[in-house]
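Listed below, chain by chain, are the residues.
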Amino acid sequence: PASDTSLQKMLPFKFGGAVNINLLRTNTKYADVAKHEYNSITAENAMKFGALHPQENTYNWTDADYLVNFAQTNGAKRVHGHTLIWHQSLPSWVTNYSGDSAAFENIMKTHIQTVVTRFKGKVTSWDVVNEAFEDSGVLRNSIWRQKLGDDYIARCFQYANQADPDAILFYNDYGHEYSSAKRTAITNMITDFKNRGIPIHGTGMQFHMTVTQSDANISTAINAAAATGLKVHIAELDIRLNNDKVQGLTFTTAMATQQAAKYGYVVKTFNAIPAAQKYGITTWNVGDADSWVPGWLGAPDWPLPFDAVYKRKPAYYSIINAVK
Ligand code: G3I
């Protein structure tokens, strides 16, 4: 019966969502979708540097532990960690740090190793570094790069690997589908890491995309990531409909159909890469009302496979049909 279907049962790879821990705690329908539909789970914010490590000598594990416990007690869901080193969501004690580069390196190393060690055996994989490149393909001049030089990224992977040699380590970024310069820069970095023996195991492609994104660009991105030989995680999928920021727009059947087709294309293309490289697909939050997209656009949107009351949308059924 239809009530027995779920994404985790129907798909031949892991499917999950990024979750907001407050909603997971307080909203039964939200938690039910996460329990029933997903076999992989990511924290939308609870494992970021500022959330876990608000002061130099203070770690706050409460929300991250809640998520890990939720995953363990609801069918041993995989937990993907997001994210160890990023230029955003940093606490002010890091952004205002006045020590020398050796001390800053130690901050980076200590944070990575404390967090990875804390969740060893519980968090399967990590976005070790997030969004280190500009769309132009140059390295972003983040505080990490400014203080530690271009090769900080490689050292992050080494530090994480030292802390948990079994953890699957990803480089995660957006724009693979629209910037060939960025895609090439990331591919070159991966090749360089492989040549130098830097432990990297996967590419996270965020895929925050507009419904007008071309199928050709989507397949180019997925196939380029697969061509590296590493695992591929579509790590933050959402497909927005209101890129023009039309105020007062409403969600129509035509929009639902168009969005479903795009979700289906992403899933079908992903499903065609070699099985060992299919790390999974994660949507960025659960239902339309929970998405970061409307706030970011400053306009209404409906980017996810579940609606505001957690009803399955046409996109949901398209995801399942795409693997048949
Ligand atoms: O928790 C505080 C709350 O106490 C405070 O009252 C409120 C006031 O602004 O802010 C709350 O924190 C916000 C947090 O989301 C939780 O809602 C932060 O300000 C806000 O910056 C944060 O935004 C997140 C953003 O990353 C920055 O960390 C979004 O939820 C999250 O969806 C977004 O996710 C990123 C990925 O990590 C990386 N890729 C892009 C993606 C979308 O931007």
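Here the structure is a predicted model, which means the values were calculated and not measured.

Peer 1: What am I meant to see in the overall build of the protein here?
Peer 2: Scanning the protein from terminus to terminus reveals 14 helices and 9 strands. With respect to the three principal axes, the spread of C-alpha positions in the protein is 55 × 40 × 40 Å. The burial tally for the protein puts 56% of its 324 residues in the buried class. Within the protein, contacts between residues separated by at least 24 positions form 79% of all contacts whose residues are at least 6 apart in sequence. By element, 49% of the accessible surface of the protein is carried by carbon and sulfur atoms, the whole surface being about 12700 Å². In the protein, 30 positive and 28 negative side-chain charges are present, and the distance between their average locations comes to 5 Å.

Peer 1: Can you help me understand helix H12 (residues 253-271) in this one?
Peer 2: Within an α-helix, residues lying three or four positions from one another point in the same direction, as the helix has 3.6 residues per turn. Between its terminal C-alpha atoms H12 stretches 27 Å, which fits the 27 Å expected from 19 residues at 1.5 Å a residue. Within the span of H12, buried status applies to Met255, Ala256, Gln259, Ala260, Lys262, Tyr263, Gly264, Val266, Val267, Thr269, Phe270 and Asn271.

Peer 1: Got a minute to help me understand the pattern of salt bridges in this structure?
Peer 2: Proximity of charged atoms lets side chains of opposite charge pair with each other. As enumerated under the stated definition, the model contains 11 salt bridges in all. Among the ionic pairs, Arg312 bridges to Glu37, the shortest N-O distance being 2.8 Å. Pair noted here: Arg312 is in the loop between helix H13 (293-297) and helix H14 (314-321) and Glu37 is in helix H3 (residues 28-37), with a separation of 275 residues, a long-range link. A network of salt bridges, in which partner residues are shared, links Asp135, Asp173 and Lys182.

Peer 1: How do you make sense of the pairing of strand S4 (residues 125-130) when you look at a structure like this?
Peer 2: Side-chain direction in a regular strand flips from residue to residue, so the side chains alternate between the two faces of the sheet. Taken across its 6 residues, S4 has 6 buried, putting it largely inside the fold. The pairing of strand S3 (residues 78-85) with S4 spans 4 bridges and is parallel. Of the residues in S4, the one forming a bridge with Gly81 is Trp126. As judged from the 5 bridges shared by S4 and strand S5 (residues 168-173), these two strands associate in the parallel manner. Paired with Ser125 across the strands is Ile168, a residue of S5.

Peer 1: Is there a simple way to think about the nonpolar core in this case?
Peer 2: General note: in soluble globular proteins, nonpolar side chains tend to be found buried as a group. Formed by 97 residues in total, the largest nonpolar core has its most connected members in Met47, Trp126 and Trp144. A per-element tally of this core places helix H9 (residues 152-163) first, with 8 residues. Discounting chain neighbours no more than four positions away, the residues touching Trp144 are Phe49, Ile85, Trp86, His87, Leu90, Val94, Phe104, Met108, Gly149 and Tyr152.

Peer 1: How should I be thinking about the site of the ligand in this particular structure?
Peer 2: The full set close to the ligand counts 14 residues, and Glu44, Lys48, His82, Ser89 and Glu236 are the nearest of them. One nitrogen or oxygen atom from the side chain of Ser89 is found 2.6 Å from an oxygen atom belonging to the ligand. Within the side chain of Glu131, a nitrogen or oxygen atom sits 2.8 Å from a nitrogen atom of the ligand. Protein contact buries 46% of the 790 Å² of open area that the ligand shows by itself. Considered class by class, the residues forming the shell around the ligand number 3 nonpolar, 7 polar and 4 charged.

Peer 1: Could you clarify how one ought to interpret the packing of helix H11 (residues 215-227) against H12 in this entry?
Peer 2: When two helices pack together, their arrangement is given by the angle between their axes and by how far apart the axes lie. Relative to each other, H11 and H12 sit at 30°, their axes nearing to 10 Å. One way to sum up the angle between H11 and H12 is to call them roughly parallel. The handedness of the crossing between H11 and H12 comes out as right-handed. Across the interface between the two elements, Asp215, Ile218, Ser219 and Ile222 from H11 touch Lys262, Tyr265, Val266, Thr269 and Phe270 from H12. In the contact of H11 with H12, the residues fall into 5 nonpolar, 2 polar and 2 charged.

Peer 1: How should the packing of aromatic side chains be read in this particular structure?
Peer 2: Given two aromatic rings, their pairing is described by the distance between the two centres and the angle made by the two planes. Considering all chains together, one arrives at 17 aromatic pairs under this definition. With a centroid separation of 6.4 Å and 40° between ring planes, the pair formed by Phe15 and Tyr38 is classed as tilted. Of this pair, Phe15 sits in strand S1 (residues 15-19) while Tyr38 sits in the loop between H3 and strand S2 (40-43), placing them 23 residues apart in sequence. Residue Phe15 shares its accessibility class with Tyr38, and that shared class is buried. Seen in terms of ring centroids, Tyr59 and Trp61 are 5.2 Å apart; in terms of plane orientation they differ by 5°. Their pairing is stacked. Through a chain of ring-to-ring contacts, the aromatic side chains of Phe49, Trp93, Tyr97, Phe104 and Trp144 assemble into a single cluster. Above the ring of Tyr66, the side-chain terminus of Arg25 is found at 4.7 Å from the ring centroid. Directly above the aromatic system of Phe119 lies the positively charged group of Arg118, at a separation of 5.6 Å from the ring centroid.

Rules used in this analysis
- Residues numbered from 1 in each chain as written.
- Predicted model: local features only at pLDDT ≥ 70, side-chain atom pairs only at ≥ 80, totals over all residues.
- Heavy atoms only, no water.
- Helix = DSSP H or I, 4+ residues; strand = E, 2+ residues; numbered from the N terminus.
- Buried < 20%, exposed > 50% of the residue type's maximum accessible area, 1.4 Å probe, protein only.
- Contact = heavy atoms within 4.5 Å.
- Areas by Shrake-Rupley, 256 points an atom, 1.4 Å probe, with all protein chains shown as cover.
- Lys, Arg positive; Asp, Glu negative; His and termini not counted.
- Charge placed at Lys NZ, Arg CZ, Asp CG, Glu CD.
- Expected span 1.5 Å × (residues − 1).
- Salt bridge = Lys/Arg side-chain N within 4 Å of Asp/Glu carboxyl O.
- Pairing = 2+ DSSP bridges.
- Core = buried A, V, L, I, M, F, W, Y, C linked by side-chain atoms within 4.5 Å.
- Near = heavy atom within 4 Å.
- Polar contact = N/O pair within 3.5 Å; in protein donor to acceptor, adjacent residues only side chain to side chain.
- Nonpolar A, V, L, I, M, F, W, Y, C, P; charged D, E, K, R; others polar.
- Axes fitted to C-alpha atoms, helices over the stretch in contact; angles between N-to-C directions.
- Parallel < 35°, antiparallel > 145°, perpendicular 65-115°, else oblique.
- Left-handed = near helix turned anticlockwise from the far one by under 90°.
- Phe/Tyr/Trp six-rings, centres within 6.5 Å; stacked < 30°, edge-to-face > 60°.
- Lys NZ or Arg CZ within 6 Å of the ring centre and 35° of its normal.

It is worth stressing that arrangement in space is one thing and function is another; only the former is reported here.
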